[in-house]
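Analysis of the macromolecular model
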Amino acid sequence: MHLKESLERDELLLTAWSTSASAEMAGALADCPFDAVTVDMQHGAHDEASAFASGRSILQASKPALLRIPVGRNDLASRALDMGFEAVIAPMINSVAEAEAFARAMKYPPLGERSWGPMRALALHSEHTAESYFRSANRETLAIAMIETRQAHAALDDILALAGIDGVFVGPSDLSISWSGGEGVDPNREDMQEVLADIAKRTRKAGKFAAIFAVDPAAAPRFAKMGYHIAALNTDPGTIHAGAAVMLDKARR
Ligand code: 3PY
Ligand code: MG
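Here the structure is a predicted model, which means the values were calculated and not measured.

Right, let's talk about the sheet that holds strand 6 (residues 167-170) for a bit. One closed barrel holds the eight strands; their spatial order is 1-2-3-4-5-6-7-8, and the pairing between them is parallel. Each strand axis lies, on average, 25° off the axis of its neighbour in the sheet, ignoring direction. Here four bridges tie strand 2 (residues 36-40) to strand 3 (residues 65-68), and the two strands are oriented parallel to one another. What sits directly across from Thr38, in strand 3, is Leu66. Packed on one face of the sheet, helix 5 (residues 96-106) meets strand 4 (87-90) and strand 5 (142-147) and runs near 160° to strand 5.

Pasting the structure below:
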């Protein structure tokens, strides 16, 4: 498992975002020069079968695989780890209690209540024996709580203080809905920029990892300067559209 090691190098990691229910497509993303691939079960079309098959394709391409579960599906969080994913992203974590429940599902005792059965993970991460996996999983597999409301931002320090939470992931679209009091969606809101910088700063201070969805890929260097460790780029259809636009532009010039 090497996501944590890559994060510790402290260079911005760029993850692709797999939403199509296709392990072929996730594997194709993993073959591109992204640093990692995230499989999205919250808003993506993935079901369990496609998500787990995608995890296998990504790991077989020697890239770290992350999975975003649907809201409140902590049962899927530990299953994702059993399937070899190195990190799980839990959306809409708005309180310490929600963060604690997520962390409990993600960590083996004494930190949490994860149940033993990482057979697929052991097959895919062949550097591990069962014993070494058990000893290192709480440290190496990452529980990442999404911060996407004012309520979550207010609870940030307490969420970051939980031993079973390894990092946070900012969802700027949902955060903008909450920030505007439900007036609209604008992930690039000017009045959120300071908050985004503040989240990265407080996360680093707590010794944890900060991630964000870069709706505009050109914002990634700015997020790196703010202190983010991971920026997620586009969805797989968005990636195809962007590639097609460049290709067609060249062909029609
Ligand atoms: C958001 O921006 O709300 C997200 O969840 C990004 O994935
Ligand atoms: Mg969101």
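Attention shifts here to the UniProt feature "domain: HpcH/HpaI aldolase/citrate lyase" (unreviewed entry) in the protein chain. UniProt records the feature "domain: HpcH/HpaI aldolase/citrate lyase" (unreviewed entry) for residues 16-237 in the present numbering. Between the first and last C-alpha atoms of residues 16-237 the distance is 11 Å; the span itself is 45% helix and 16% strand.

A few words now on the site of ligand 1. Around ligand 1, a shell composed of Arg68, Met146, Glu148, Gly171, Pro172, Ser173, Asp174 and Phe213 is seen. Here an oxygen atom of ligand 1 and a side-chain polar atom of Glu148 are 3.1 Å apart. Interatomic distance of 2.7 Å between a backbone N/O atom of Ser173 and an oxygen atom of ligand 1. Contact with the protein chains removes 91% of the 230 Å² of surface that ligand 1 exposes when unbound. Looking at the shell around ligand 1 residue by residue, the classes come out as three nonpolar, two polar and three charged.

Rules and cut-offs
Residues numbered from 1 in each chain as written. Chains lettered and ligands numbered in written order. Predicted model: local features only at pLDDT ≥ 70, side-chain atom pairs only at ≥ 80, totals over all residues. Heavy atoms only, no water. Pairing = 2+ DSSP bridges. Helix = DSSP H or I, 4+ residues; strand = E, 2+ residues; numbered from the N terminus. Axes fitted to C-alpha atoms, helices over the stretch in contact; angles between N-to-C directions. Contact = heavy atoms within 4.5 Å. UniProt positions renumbered as here; feature names shortened; annotations may be inferred. Near = heavy atom within 4 Å. Polar contact = N/O pair within 3.5 Å; in protein donor to acceptor, adjacent residues only side chain to side chain. Areas by Shrake-Rupley, 256 points an atom, 1.4 Å probe, with all protein chains shown as cover. Nonpolar A, V, L, I, M, F, W, Y, C, P; charged D, E, K, R; others polar.

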